[in-house]
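# Results of the structural survey
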Amino acid sequence: MAVKLVIDKMNKIQKTLFTFAYAAIIGFVIIISSVPPVSRDAQTHHLALPKIWLTESVLSVVPEMEFSYYPQLIDLLYYFPVALNFDIAAKYIHFLFALATAFLIFLFIRRYLNSFWGLLGGLMFLTLPLILKLSVTVYVDLGLLFFTTAALFSVIIWLEKPEKMKWLMIAGISCGLALSTKYNAMMAVTILALLFGYFYIKIHKKNTNTQLKIIKYLSIFSILTLLIFSPWAIRNTTLTGNPIYPLYDSFFSQFSENTTAETEQVLFPSNEEKMKPLTFRRLAYQENPIYSLALPLRVFYEGQDDNPKYFDGKLNPMLLLFALLLLLRIKSNWRHQFFASFVVITLLYTMFAVDMRIRYIITIVTPMIVLAVFGIHHISQWLKGQLSLSGAKAIIAVFLAIYFAFNLSYAVNLYKKIDPLPYILGEISKDDYISNQLPYYSLNQMANELVPQKGKLLGVYTGNRRYYLDIPHTLQSEMIFHYARNASDTNDLAQKLSNHQITHILVRVDLFNNKLSGENEEVKSLLLNFFKNNLKLLASKGRFSLFEMTQSFPQLKLLEET
């Protein structure tokens, strides 16, 4: 009721426009979400794990599947759509977190300005290309963003009046839920803790025992965060000896005998060391150092979906421009300093230590939206002092029109790419729609029909996409190379694979050939002869081929109990 009373202070045209805009964006997202999920991460774990839980037990892990050890708070919600054979609903669940985050933005901005600016901030958020893309995809990033946003806003409110401990507790609980959603939250939680300690001392330096109090407050915050996250840490410690497995596994393995190597370790793990992000970009994309150092700015105007070189996602350059409008007065407002510090530290850490992907820095979106709205508000107030009221409004309207035109253009292209109406109207079947989006899907369906009950499919460089596989399978791409290096001939290799019940092999041919080119001549020859003499090509689709082993071999006998 309180919200409604404040909204009523806006004029009728503003209320009508906001009502139409919010209804349009919600309807748009629902329509383009109402198609079968085809995103990579949905197939590798966000839906694949709930599907596995249906046949095993909830939260069971798959040793060859690192994702199964990750925190899975949001994936637990996806269990129900998968169980009901209505996996499209997982997209709706993910979108609900976007709506909830928009509501938090509205409440926070309204607290300092008014409902108009709060509603504008929520609309700027929901229409942002990154948020649109995630809203129609089965990921967990919007859940992560919601919880970190709740923590960020709660800390700001608590810093104003530290005696109101409920806000500090909400922040701690929200950070625990963020960690329970995705390991990426560790960066955001750490930065948030450092900033709220620094800003508490800065704001309340005149109070007595400031340093002792901040130790107390940080302890409360940390305990609540770790308490909420603890079920996931306890599970992984029990299974692997590492509470945040697979992160920092070499470190934790020094202190525990219960490592994955002594439990159900993946057969053929990859031990390749990762390059530093800037080194990788220099070698892979031929970027010069100066250009790479501009990454924190480039993410706002160079982003492209599904292109790692351009951050695998899209923001809006106007978002940065609006936030920069606050530079003239940022020293006078510690809240703006807090948000700006959070954004800058996140961008710099990601650039130097991780890898610049839009989804890795998603936690900067809400503080950037808040800064942008305050920036627009600030420049509008300045313009009103320089121009007539109508002139100031016209300039602000142009700025906003450019912002939303950029978002609208992206939305149109996203709609064309997803093309939901033929499926929604029943003009094409579910299988046909997925096949149009995923060329290898027809090979998955063929494998589902052909792999025998006691057989198993080996996926080689299939990107760990397993959701649409309904038969026993292993996606350990290195298996065939490992056995080839130790096989005496093609029949020996076939025997080794048969010992793992492998009857069919699904291969992404281009990646297989790239890997094969790096092997010695003996292994190359053996594998080429194996594919020629021991496998039968059943079908090919795009870069993928499905093979059947043409000979049967005796299975390994079970070891007799002693």
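Residues numbered from 1 in each chain as written. Predicted model: local features only at pLDDT ≥ 70, side-chain atom pairs only at ≥ 80, totals over all residues. Heavy atoms only, no water.

### Brief notes about the overall build of the protein chain
- Secondary structure summary: the protein chain contains 27 helices and 5 strands in total.
- For 562 residues, the compact-globule estimate of 2.2 N^0.38 gives 24 Å, and the protein chain sits close to it at 27 Å.
- Its C-alpha atoms give the protein chain principal-axis dimensions of about 85 × 60 × 50 Å.
- Counting only residues that meet the buried cut, the protein chain has 50% of its 562 residues in that class.
- For the protein chain, the accessible surface area stands at approximately 27200 Å², while carbon and sulfur atoms represent 61% of it.
- Computed over 51 positive and 38 negative side-chain charges, the inter-centroid distance for the protein chain is 16 Å. (Helix = DSSP H or I, 4+ residues; strand = E, 2+ residues; numbered from the N terminus. Rg over C-alpha atoms; globule rule 2.2 N^0.38 Å. Buried < 20%, exposed > 50% of the residue type's maximum accessible area, 1.4 Å probe, protein only. Areas by Shrake-Rupley, 256 points an atom, 1.4 Å probe, with all protein chains shown as cover. Lys, Arg positive; Asp, Glu negative; His and termini not counted. Charge placed at Lys NZ, Arg CZ, Asp CG, Glu CD.)

### Some points on the sheet that holds strand β1 (residues 456-460)
- Strand order in this open sheet of 5 strands is β2-β1-β3-β5-β4, and the pairing throughout is mixed. With one partner strand each, in any of the chains shown, β2 (473-474) and β4 (535-541) form the two edges of the open sheet.
- Bridge analysis of strand β3 (residues 502-508) against strand β5 (residues 544-549) gives 5 bridges, and the strand direction is antiparallel. Note that in β5 the partner of His 504 across the bridge is Glu 548.
- Where helix α26 (residues 509-517) meets the sheet, it contacts β1, β3 and β5, and its direction lies at approximately 90° from that of β3. (Pairing = 2+ DSSP bridges. Contact = heavy atoms within 4.5 Å. Axes fitted to C-alpha atoms, helices over the stretch in contact; angles between N-to-C directions.)

### Notes on helix α24 (residues 478-485)
- Within the sequence span of α24, burial applies to Met 479, Ile 480, Phe 481, Tyr 483 and Ala 484.
- Considering only its buried residues, α24 is in contact with β1, β2, α25 (490-498), β3, α26 and α27 (521-533).

### A few points about the packing of helix α10 (residues 165-179) against helix α12 (residues 210-240)
- Following both chains from N to C, one finds α10 and α12 inclined at 35°, their axes separated by 7 Å at the closest point. Pair α10 / α12 crosses with right-handed handedness. Only Tyr 217, Ile 220, Phe 221, Leu 224, Thr 225, Ile 228 and Phe 229 of α12 make contact with α10, whose side of the interface consists of Met 165, Leu 168, Met 169, Ala 171, Gly 172, Ile 173, Cys 175, Gly 176, Leu 177 and Leu 179.
- Across the contact of α10 with α12, the residue classes tally to 14 nonpolar, 3 polar and no charged. (Left-handed = near helix turned anticlockwise from the far one by under 90°. Nonpolar A, V, L, I, M, F, W, Y, C, P; charged D, E, K, R; others polar.)

### Regarding the confidence of the model for the protein chain
- Looking at the protein chain, the pLDDT average stands at 88 and 91% of residues meet or exceed 70.
- The secondary structure element of the protein chain with the lowest average pLDDT is helix α1 (residues 2-7), at 41, and the one with the highest is helix α6 (residues 89-112), at 97.
- Counting contacts from residues 260-265, a segment whose pLDDT is below 50, to residues more than four positions away or on other chains yields 9 contacts.
- Below pLDDT 50 for its whole length, residues 552-562 participates in 11 contacts with residues either more than four positions away or in separate chains. (pLDDT = per-residue confidence, 0-100.)

### As for the packing of α24 against α26
- It is the contact of α24 with α26, at a shortest axis distance of 12 Å, that shows an interaxial angle of 30°. With respect to α26, the axis of α24 lies roughly parallel. Helix-helix and strand crossings are classified by hand; for α24 and α26 the assignment is right-handed. On α26, the residues that touch Glu 478, Ile 480, Phe 481 and Arg 485 of α24 are Phe 512, Lys 515 and Leu 516.
- Of the residues assigned to the contact of α24 with α26, the class counts are 4 nonpolar, no polar and 3 charged. (Parallel < 35°, antiparallel > 145°, perpendicular 65-115°, else oblique.)

### A short note on the pattern of salt bridges
- Enumeration according to the criterion identifies 20 salt bridges in this entry.
- Two residues, Arg 40 and Asp 41, come together in a salt bridge whose shortest N-O distance is 3.7 Å.
- The class for Asp 41 is buried, based on a relative accessible area of 11%.
- Ionic pairing is found between Asp 510 and Arg 508, a salt bridge with its closest N-O pair at 2.9 Å. (Salt bridge = Lys/Arg side-chain N within 4 Å of Asp/Glu carboxyl O.)

### Brief notes about the nonpolar core
- The biggest cluster of nonpolar side chains holds 146 residues, and the ones touching the most others in it are Phe 125, Phe 338 and Val 365.
- Among the elements that make up this core, the one with the highest residue count is helix α9 (residues 141-160) (14 residues).
- Listed in part, the 25 residues of the second largest apolar core include Tyr 461, Met 479, Leu 493 and Ala 494. (Core = buried A, V, L, I, M, F, W, Y, C linked by side-chain atoms within 4.5 Å.)

### Here we look at the pairing of β5
- Within β5, 5 of the 6 residues are buried, which leaves the element mostly enclosed by the surrounding structure.
- In the sheet, β4 pairs with β5 via 6 bridges, with the strands oriented antiparallel. Bridged to Ala 539 within β5 is Leu 546.
- Between the antiparallel neighbours β4 and β5 lie 2 residues, among them Gly 542 with a positive phi of about 60°.

### Brief notes about the pairing of β3
- Extensive coverage of β3 is indicated by the burial of 6 of its 7 residues.
- Bridge analysis of β1 against β3 gives 5 bridges, and the strand direction is parallel. By the bridge assignment for β3, Gly 459 is matched with Leu 506.

### Points about a nonpolar patch on the surface
- On the surface, Ile 290, Leu 293, Val 344, Leu 348 and Phe 352 cluster together into a nonpolar patch covering about 480 Å² of accessible area.
- At the level of elements, α15 (289-293) and α18 (334-353) are the ones that each hand at least two residues to the nonpolar patch.
- With 3 residues, α18 is the single largest residue contributor to the nonpolar patch.
- By the element assignment, Leu 348 lies in helix α18. (Patch = residues over 30% accessible without salt bridge, like charges linked within 9 Å, V, L, I, M, F, W, Y side chains within 5 Å.)

### Structural notes on unusual backbone geometry
- Cis geometry marks the peptide bond from Tyr 245 to Pro 246, where omega comes out at 5°.
- One can find Pro 246 in the loop between α12 and α13 (249-252).
- In this structure, Gln 286 takes a positive phi of about 55° despite not being glycine.
- For Gln 286, the position within the fold is in the loop between α14 (277-285) and α15.
- Overall, Gln 286 belongs to the exposed group, its relative accessible area being 62%.
- Of note in the backbone geometry, Asp 306 takes a positive phi value of approximately 60° without being a glycine.

### Some points on the packing of aromatic side chains
- All chains considered together, the criterion is met by 36 aromatic pairs.
- Arranged with centres 4.2 Å apart and planes meeting at 15°, the rings of Phe 108 and Phe 153 form a pair that is stacked. One end of the pair, Phe 108, is in helix α6; the other, Phe 153, is in helix α9, with 45 residues separating them in the sequence. Like Phe 153, Phe 108 is buried.
- Centre to centre, the rings of Phe 153 and Phe 339 are 6.2 Å apart; their planes meet at 85°, and the pair counts as edge-to-face. Of the two residues, Phe 153 is situated in helix α9 and Phe 339 in helix α18; the sequence distance between them amounts to 186 residues.
- Overall, the relative accessible area of 1% leaves Phe 339 in the buried class.
- Site record: aromatic cluster; members linked through ring pairs are Tyr 461, Phe 481, Phe 512, Phe 530, Phe 531 and Phe 547.
- Just above the ring of Tyr 467 sits the side chain of Lys 51; from NZ or CZ to the centre is 5.2 Å.
- Over the face of the ring belonging to Tyr 139 we find Arg 359, whose NZ or CZ atom lies 4.3 Å from the ring centre. (Phe/Tyr/Trp six-rings, centres within 6.5 Å; stacked < 30°, edge-to-face > 60°. Lys NZ or Arg CZ within 6 Å of the ring centre and 35° of its normal.)

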